[in-house]
Amino acid sequence: LCVSAVPVLFKQALENTDTEEGKSVSLRCELTKADATVVWKKGEATLQASAKYEMKQKGTVAELVIHNAEPEDA
């Protein structure tokens, strides 16, 4: 018996989002598999939940909220 895992793909990828400095911005993506593990990165750095970064996930939708956005968050 051979069982292969179905890969998790993006059903809806991230889109560029604009916001004003100091405001919050939300980035969302939708996956093909509910509750898949999502890791948010900026370049090579993995983002960790904090007062600045809020990670949410419900079913197939993963969301990153960046609070107090700054130009460095681009």
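Residues numbered from 1 in each chain as written. Predicted model: local features only at pLDDT ≥ 70, side-chain atom pairs only at ≥ 80, totals over all residues. Heavy atoms only, no water.

1. Considering the overall build of the protein
Next, step 1: Summing up its helical and strand segments, the protein has 0 helices and 6 strands in all.
Next, step 2: When its helices and strands are written in sequence order, the protein yields β-β-β-β-β-β.
Next, step 3: In terms of overall dimensions, the protein is more spread out than a globule: its C-alpha atoms have a radius of gyration of 14 Å, far above the 11 Å expected for 74 residues.
Next, step 4: Counting only C-alpha atoms, the protein reaches 55 × 20 × 20 Å along its principal axes.
Next, step 5: Out of the 74 residues belonging to the protein, those deemed buried represent 22%.
Next, step 6: Sequence-distant contacts in the protein: of pairs separated by 6 or more residues, those separated by 24 or more amount to 44%.
Next, step 7: With the model as given, the accessible surface of the protein reaches about 5800 Å², and the carbon-plus-sulfur share is 52%. (Helix = DSSP H or I, 4+ residues; strand = E, 2+ residues; numbered from the N terminus. Rg over C-alpha atoms; globule rule 2.2 N^0.38 Å. Buried < 20%, exposed > 50% of the residue type's maximum accessible area, 1.4 Å probe, protein only. Contact = heavy atoms within 4.5 Å. Areas by Shrake-Rupley, 256 points an atom, 1.4 Å probe, with all protein chains shown as cover.)

2. Digging into the pairing of strand β2 (residues 25-31)
Next, step 1: Side chains Val25, Leu27, Cys29 and Leu31 of β2 all project onto a buried face; the interleaved residues Ser26, Arg28 and Glu30 project onto a face where none is buried.
Next, step 2: In terms of strand pairing, strand β1 (residues 10-12) meets β2 through 2 bridges, oriented antiparallel. Its bridge partner being in β2, Phe10 is matched across the sheet by Leu31.
Next, step 3: Bridge analysis of β2 against strand β6 (residues 61-66) gives 6 bridges, and the strand direction is antiparallel. Its bridge partner being in β6, Glu30 is matched across the sheet by Val61. (Pairing = 2+ DSSP bridges.)

3. Here we look at the pairing of β6
Next, step 1: Counting buried positions over the 6 residues of β6 gives 5, a clear majority of the element.
Next, step 2: Strand direction decides the pairing type here: strand β5 (residues 53-58) and β6, joined by 6 bridges, are antiparallel. In the strand pairing of β6, Gln57 is matched with Ala62.

4. Describing the side chain of Glu63
Next, step 1: Among the secondary structure elements, Glu63 is positioned in strand β6.
Next, step 2: Discounting chain neighbours no more than four positions away, the residues touching Glu63 are Ser26, Leu27, Arg28, Trp40, Glu54, Met55 and Lys56.

5. What to know about the UniProt feature "domain: Ig-like" (unreviewed entry) in the protein
Next, step 1: Those residues carrying the UniProt feature "domain: Ig-like" (unreviewed entry) are residues 7-74 in this numbering.
Next, step 2: Helix makes up 0% of residues 7-74 and strand 38%, with an end-to-end C-alpha separation of 29 Å. (UniProt positions renumbered as here; feature names shortened; annotations may be inferred.)

6. Some points on the nonpolar core
Next, step 1: In terms of nonpolar packing, the biggest core is built from 11 residues, these being Val25, Leu27, Cys29, Leu31, Ala36, Trp40, Leu47, Tyr53, Ala62, Leu64 and Ile66.
Next, step 2: Residue assignment for this core shows that the elements contributing at least two residues are β2 and β6.
Next, step 3: Counting residues per element, this core draws most heavily on β2, which supplies 4 residues.
Next, step 4: Excluding its chain neighbours within four sequence positions, the residues that come into contact with Tyr53 are Leu47, Gln48, Leu64, Val65, Ile66 and Asp73. (Core = buried A, V, L, I, M, F, W, Y, C linked by side-chain atoms within 4.5 Å.)

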